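# Descriptive analysis of the structure
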Amino acid sequence: MSEHDDQTPETDPQLPGKIKDSARQIWLAGLGAYTKAEEDAGKFFERLVQEGEQLESKTRGVVGKQIRTVEDRVGEVRERATGTWDKLEHMFDQRVSGALRRLGIHRKEDIQALESRIEYLEGELAKLSGKGPSVSDEEE
């Protein structure tokens, strides 16, 4: 047997140095892997940011176009709805006015017009009869 074969790991004087060297190599390999991963991660992150910016610019254009289309359609619908509402309101006013006339109920404007006409006729009558407006007429 050789001298190398006779030594057991416990009796090998170089064993602590070998373990120390092996541990250091493992540590350096881990450190190198970490550094490499950090560099690659930075490049990967930058690439993701660039792709995100490109996607954002594409989608912003598409979304903006869709928003303008929706706004235009909403405007058209609003105009139609307003026109329809105005027509409906006008029809309702006509129907209510017709129903009130059939019931013999006059509108406020009609009564005011009649009052104005009566005042005018009273004034004309007073002129024709040679009298000015009476004192009792002025008090009213």
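For the structure, see preceding data.
So, a few notes on the structure that sits alongside this text. (Residues numbered from 1 in each chain as written. Predicted model: local features only at pLDDT ≥ 70, side-chain atom pairs only at ≥ 80, totals over all residues. Heavy atoms only, no water.)

### Points about the overall build of the protein
What counts here: Numbered from the N terminus, helices here are DSSP runs of H or I no shorter than four residues, and strands are runs of E no shorter than two. Each residue is placed in one exposure class: buried if its accessible area under a 1.4 Å probe, protein chains only, is under 20% of its type's maximum, exposed if it is over 50%, and partly exposed if it falls in between. Only the protein chains shown count as cover for residues, and the accessible areas themselves come from Shrake-Rupley with a 1.4 Å probe.
Along the backbone of the protein there are four helices and zero strands. Going from the N terminus to the C terminus, the protein shows its helices and strands as α-α-α-α. When the 140 residues of the protein are sorted by exposure, 3% land in the buried category. For the protein, the exposed area adds up to about 13400 Å²; of that, 58% sits on carbon and sulfur atoms.

### With respect to the pattern of salt bridges
We apply this condition: Put simply, a salt bridge is a Lys or Arg side-chain nitrogen that is within 4 Å of an Asp or Glu carboxyl oxygen.
Scanning the entire structure with this criterion turns up three salt bridges. Here Glu 124 makes a salt bridge to Lys 127, at a shortest N to O gap of 3.6 Å. A residue pair is termed a helical-turn pair when its members lie 3 or 4 positions apart in one helix, as Glu 124 and Lys 127 do in helix H3 (residues 108-128) at three residues.

### Topic: H3
Quick reminder of the rule: Given the number of residues in a helix, its expected span is that number minus one, multiplied by 1.5 Å.
In this model, H3 (21 residues) spans 30 Å end to end at C-alpha, consistent with the 30 Å of a helix rising 1.5 Å per residue. Residue Gly 130 follows H3 closely and has a positive phi angle near 80°.

### Here's the deal with a nonpolar patch on the surface
For clarity, the threshold we go by: Two joining distances apply to patches: 9 Å for like charges and 5 Å for nonpolar side chains (Val, Leu, Ile, Met, Phe, Trp, Tyr), and every residue must have over 30% relative accessible area and no salt bridge.
Judged by side-chain polarity, Trp 27, Leu 28 and Leu 31 come together as a nonpolar surface patch covering roughly 320 Å² of accessible area. Mapping Trp 27 onto the fold places it in helix H2 (residues 15-102). Judged by relative accessible area, which is 57%, Trp 27 ranks as exposed.

### Some remarks on H2
With 88 residues, H2 extends 121 Å between its outermost C-alpha atoms, agreeing within 8% with the 130 Å of an ideal straight helix rising 1.5 Å per residue. At the exit of H2 stands Gly 104, carrying a positive phi of roughly 85°.

### With respect to a negative patch on the surface
As a reminder, the rule being used: Positive charge is attributed to Lys and Arg, negative charge to Asp and Glu, and no charge count is given to His or to the chain ends. For the purpose of locating charges, the reference atoms are NZ of Lys, CZ of Arg, CG of Asp and CD of Glu.
Residues Glu 71, Asp 72, Glu 76 and Glu 79 make up a contiguous surface patch of negative charge. Mapped onto the fold, Glu 79 is located in helix H2. On the basis of relative accessible area, Glu 79 is assigned to the exposed category, the value being 62%.

Fair warning: the whole summary comes from geometry, so function is off the table for now.
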